[in-house]
Amino acid sequence: MAASQASLLLQKQLKDLCKKPVDGFSAGLVDENNVFEWSVSIMGPPDTLYEGGFFSAIMSFPQNYPISPPTVRFTTEVWHPNVYPDGKVCISILHPPGDDPNGYELATERWSPVHTVESIVLSIISMLSSPNDESPANIDAAKQWRDSREEFRKRVSRCVRKSQELL
């Protein structure tokens, strides 16, 4: 039952995004027969180090969506404090609902069933615009962001160039 409700909700969100596209990203199914796995293309936000980049990601939804959050993993290289080296995105709204066992986040900052594909991707775009180095997923990127901003900029520029070559 939960899987069919999740499937219907995801189909509706996909239909809504097709009818009213949102600036900065596009989304679609990886496989037309699986509504639980989406391919997302994010344009690097203007006036950021990521501007001009085209970053691909896979958004995987659990069978009990929207009760539980999806996971998002970049398949294009992204050098960022809040992106694990394997590409997995680490932002509060993708963390399971409830209290943070580590005490870093308020329950209100974590996943809530009111989030949609659109709100998730807009949060990722916001993350690209302003890295959070307080609780990083990629410690090396966070250290470089704090201590060697010029080297960080160069590394991100290489990622942007690579993303453009993949088009």
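Predicted model, so just to flag it, every value in this text is computed and none were measured.

Turning next to the UniProt feature "domain: UBC core" (unreviewed entry) in the protein chain. UniProt feature "domain: UBC core" (unreviewed entry): in the numbering of this structure it lies at residues 5-165. Strand forms 17% of residues 5-165 and helix 34%; the C-alpha atoms that close the span are 39 Å apart.

On to the UniProt feature "active site" (unreviewed entry) in the protein chain. Mapped onto this numbering, the UniProt entry annotates "active site" (unreviewed entry) at Cys90. Not counting chain neighbours up to four residues away, the residues in contact with Cys90 comprise Asn82, Tyr84, His95 and Ala137.

This part covers unusual backbone geometry. Here Tyr65 and Pro66 are connected by a cis peptide whose omega angle stands at 10°. Of note, Pro66 is situated in the loop between strand S3 (54-60) and strand S4 (71-74). One non-glycine residue, Asp47, lies in positive phi territory at about 65°. Residue position: Asp47 is located in the loop between strand S2 (34-43) and S3. We classify Asp47 as exposed; its relative accessible area is 75%.

The rules behind the values
- For every chain, the first residue of its written sequence is number 1, and the numbers climb from 1 along that sequence.
- The predicted origin of the model limits local features to residues at a pLDDT of at least 70 and limits the giving and counting of side-chain atom pairs to 80 or more, whereas totals for whole chains, interfaces and linings rest on all residues.
- Hydrogens and water molecules were not included; the side-chain quantities draw on all heavy atoms of the structure.
- UniProt positions are given in the numbering used here, feature names are shortened, and annotations may be inferred rather than shown by experiment.
- Where helices and strands are cited, they refer to DSSP runs of H or I of at least four residues and of E of at least two residues respectively, numbered from the N terminus.
- In what follows, a contact means two residues having at least one pair of non-hydrogen atoms within 4.5 Å.
- Think of it in three bands: with a 1.4 Å probe and only protein chains considered, a residue is buried below 20% of the maximum accessible area for its type, exposed above 50%, and partly exposed in between.

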